[in-house]
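# Fold and geometry: a report
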Amino acid sequence: MSVFRTKSIDLMLAQRADAGLVKSLTTLDLILLGVGAVVGSGIFVLTGTGALTAGPALSLSFVLAAVACFFCALAYAEFASTVPIAGSVYTYTYATLGELVAWMVGWVLILEFGLATAAVSAGWSGYFQSLIAGFGWHLPSTLTAAPNAIPGRDTLFNLPAFLVMTAITGLLSLGIKASKRVNNIMVAIKLAVVLLFIGVGVFHVKPENWQPYMPFGMQGVYTGAALMFYAFVGFDAVASSAEEVRDPQRALPRGILGSLFVCTVLYVSVAAIMTGIVPYAEFARNLDHPVSLALQVAGQGWLAGFIDLGAIIGMTTVILVMGYGLTRILYAMARDGLLPASLATLHPRYATPTRLTWTVGMASALIAGWVPLGVLAELINIGTLAAFSLISIAVVVLRRTRPDLPRGFRCPGVPVIPALGVASCVFLMAHLGRVTWIAFGIWVAVGLVVYAMYSRRHSVLHNPGQPQ
């Protein structure tokens, strides 16, 4: 009855074969799923804050954050091709590091995905209100943001954030086929808008704006990398789709690594062009719409409407994919008994965990409506970095404990590459604020209490006769 008991991989694979989830995703779907999850507020909003932190070296910050992600993505790719089970890193650690570690990883992933959907919904609201303002439409001030979110304004509830989260929850409840069609269309539009900015903006770059390249030294680059890591959050959601992929051994590694590569190229390009058009200090006057500011400075204001539309679509896909990833992680936890088993019940028509989807979706919608964006964003990075560190450790453990498992993809350079993944994540975590660490510690403590009082006793491994 040890808290470090592991779940049989053979049992997991048998569960996959018996699961009622529809297997319809291809490699292209997975790449678009990953791009849909990643390219959103990171490129349309966070780049302004990043420019003030790293200066023109923001592109280098993106590269450092991408390198840390790449090391961990290699571990994700091996696990996804070997154990193609819903639950992502939660499932992988359950098979290697034990139940308590798996529970805490799942608990941390709730923090990552749950707060990310709420935070992006709040960012979506800002761009949506900017877009409709261009047509002379305005919402009542009390319904434009969470309480105390905007100094000097009497705000009570972020209605647009609540409504978009509710709408996406409804879409997710209809199943992955409907969700992937909407995601693929919106990702294509989003990429077109980003490429339009790159194609137009590159002709307005002034190289002198890149001088000095590192106004805050390497410390600014490192801090910028810790901040820009948020921009890559979501590519791991691809692994959560494992039980709905047609050829997981080949498609999952390609989807994970392909989406990360595409997003890195886009981020570095946009950051270089933005800081080449606008002196980095100027972003202080327009943190919410840094890409639009660059277009205005370039004299291309006519594109601002397209950028607002692209930002709205981009954030919509992030909410969609992150919400999808969260429901699949919680589905795996409920199926294992660590959460109420009733949450793992599938809808007879849509073959989705409908009850779980609506429970999580409405909770995120209420958080998006009532909690300010700045508060939501504080914990997302540290939770993700902790999970990425554990997946890097787990892949080494799996190599030692189950070298016989067929692997569609093998992480190169084990154990060096996983060690670099852990070191990169710990390095970036060290550059996060003290308040973030305290809040993270509180969340972990609450998770330990929940495990001790409920999950440990209700675990399927604790009750072998319980249906799975």
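The structure this text deals with has already been given above.
Since the structure is predicted, the reported quantities are computational estimates derived from the model, not experimental observations. (Residues numbered from 1 in each chain as written. Predicted model: local features only at pLDDT ≥ 70, side-chain atom pairs only at ≥ 80, totals over all residues. Heavy atoms only, no water.)

## Quick look at the overall build of the chain
- Summing up its helical and strand segments, the chain has 18 helices and zero strands in all.
- Against the globule reference of 23 Å for 468 residues, the chain gives a C-alpha radius of gyration of 21 Å, in line with a compact fold.
- Seen along its three principal axes, the alpha-carbon backbone of the chain occupies a region of about 65 × 50 × 40 Å.
- Looking at the 468 residues of the chain, the share that counts as buried comes to 59%.
- Long-range contacts, defined as pairs at least 24 residues apart, comprise 82% of the intrachain contacts of the chain with a sequence gap of at least 6.
- Surface accessibility of the chain: about 17,200 Å² in total, with carbon and sulfur atoms responsible for 70%. (Helix = DSSP H or I, 4+ residues; strand = E, 2+ residues; numbered from the N terminus. Rg over C-alpha atoms; globule rule 2.2 N^0.38 Å. Buried < 20%, exposed > 50% of the residue type's maximum accessible area, 1.4 Å probe, protein only. Contact = heavy atoms within 4.5 Å. Areas by Shrake-Rupley, 256 points an atom, 1.4 Å probe, with all protein chains shown as cover.)

## Things to note about unusual backbone geometry
- Backbone torsion omega between Gln211 and Pro212 reads -10°, so that peptide bond is classified as cis.
- Position of Pro212 relative to the elements: it lies in the loop between α9 (176–201) and α10 (217–228).

## So, the nonpolar core
- Ranked by size, the top nonpolar core spans 150 residues in total, and within it Phe44, Tyr76, Tyr90, Phe197 and Phe235 carry the most contacts.
- In terms of residue count, the dominant contributor to this core is helix α13 (residues 304–335) (18 residues).
- Leaving out residues up to four positions away in the same chain, Phe235 has contacts with Val38, Cys69, Ala73, Tyr76, Ile256, Ser259, Leu260 and Phe388. (Core = buried A, V, L, I, M, F, W, Y, C linked by side-chain atoms within 4.5 Å.)

## Some remarks on the packing of aromatic side chains
- In the structure shown here, the tally under the stated rule is 17 aromatic pairs.
- Three or more aromatic residues link up through ring pairs in this structure, and these residues are Tyr76, Phe79, Tyr92, Phe229 and Phe388. (Phe/Tyr/Trp six-rings, centres within 6.5 Å; stacked < 30°, edge-to-face > 60°.)

## Some remarks on helix α12 (residues 290–297)
- Most of α12 sits inside the fold, with six of its eight residues counted as buried.
- Within α12, the full set of buried residues consists of Pro290, Val291, Ser292, Leu293, Ala294 and Leu295.
- Phi for Gly299, located one or two positions after α12, is positive at around 75°.

## Some thoughts on the packing of helix α5 (residues 58–82) against helix α11 (residues 248–277)
- As a packed pair, α5 and α11 sit with axes 9 Å apart at the nearest point and diverge in direction by 175°. Comparing the axis directions of α5 and α11 gives the class roughly antiparallel.
- A class-by-class count of the residues in the contact of α5 with α11 yields 21 nonpolar, four polar and no charged. (Axes fitted to C-alpha atoms, helices over the stretch in contact; angles between N-to-C directions. Parallel < 35°, antiparallel > 145°, perpendicular 65-115°, else oblique. Nonpolar A, V, L, I, M, F, W, Y, C, P; charged D, E, K, R; others polar.)

## So, a nonpolar patch on the surface
- The grouping of Leu64, Tyr213, Met214 and Met218 at the surface amounts to a nonpolar patch, some 300 Å² of accessible area in total.
- Within the secondary structure, Leu64 is located in helix α5.
- Overall, the relative accessible area of 31% leaves Leu64 in the partly exposed class. (Patch = residues over 30% accessible without salt bridge, like charges linked within 9 Å, V, L, I, M, F, W, Y side chains within 5 Å. Salt bridge = Lys/Arg side-chain N within 4 Å of Asp/Glu carboxyl O.)

## Examining the environment of Met362
- Note on placement: Met362 falls in helix α14 (residues 354–370).
- Along the sequence, Met362 and Leu163 sit 199 residues apart, while their C-alpha atoms lie 9.9 Å from each other.
- Discounting residues that sit within four places of it in the chain, Met362 has contacts with Phe162 and Thr166.

## Re α14
- An ideal rise of 1.5 Å per residue puts 24 Å on 17 residues; α14 measures up with 24 Å between its terminal C-alpha atoms.
- On its buried face, α14 sits against α7 (99–133), α8 (159–173) and α13. (Expected span 1.5 Å × (residues − 1).)

## Comments concerning the state of the cysteines
- Within the structure shown, the criterion is met by zero disulfides.
- Left without a disulfide partner, Cys263 is nearest to the cysteine sulfur of Cys69, which lies 9.9 Å away.
- For Cys425, which is in no disulfide, the shortest distance to another cysteine sulfur is to Cys72 and amounts to 3.6 Å. (Disulfide = S-S within 2.5 Å.)

## Things to note about the pattern of salt bridges
- Using the criterion set out here, one finds seven salt bridges in the structure.
- Across the pair Arg5 and Glu99 runs a salt bridge whose closest N-O atoms are separated by 2.7 Å. One end of the pair, Arg5, is in the segment before α1 (9–18); the other, Glu99, is in helix α7, and 94 residues separate them in sequence.
- In this structure, Arg399 engages Glu78 in a salt bridge whose closest nitrogen and oxygen atoms are separated by 2.8 Å.

## Examining the packing of α7 against helix α16 (residues 380–401)
- Orientation of α7 relative to α16, taken along the N-to-C sense of each, is 145°, at an axis distance of 9 Å. The chirality of how α7 crosses α16 is left-handed. Of the residues in α16, those touching α7 at Val101, Val105, Val108, Leu109, Glu112, Leu115, Ala116 and Ala119 are Ile380, Gly383, Thr384, Ala387 and Leu390. (Left-handed = near helix turned anticlockwise from the far one by under 90°.)

## Quick look at the environment of Gly258
- Turning to its location among the elements, Gly258 is positioned in helix α11.
- Taking C-alpha positions, Gly258 is 9.3 Å from Leu28, a pair spaced 230 residues apart along the chain.
- Ignoring anything within four residues of it in the chain, the contact list for Gly258 reads Ile31 and Pro253.

## What to know about the environment of Gly447
- In this structure, Gly447 sits in helix α18 (residues 434–458).
- Residue Gly447 is classed as buried on the basis of its relative accessible area of 0%.
- Counting along the chain gives 342 residues from Gly447 to Val105, while the straight-line C-alpha distance between them is 9.8 Å.
- Setting aside chain neighbours within four positions, we find Gly447 in contact with Trp103, Met104 and Trp107.

## Considering the side chain of Thr317
- Among the secondary structure elements, Thr317 is positioned in helix α13.
- Judged by its relative accessible area of 0%, Thr317 is buried.
- Separated by 2.9 Å, the side chain of Thr317 and the backbone oxygen of Gly36 make a polar contact.
- Only 2.6 Å separates the side chain of Thr317 from the side chain of Lys190, close enough to count as a polar contact.
- In contact with Thr317, other than residues within four places in its own chain, are Gly36, Ala37, Val39, Asn183, Met186, Val187 and Lys190. (Polar contact = N/O pair within 3.5 Å; in protein donor to acceptor, adjacent residues only side chain to side chain.)

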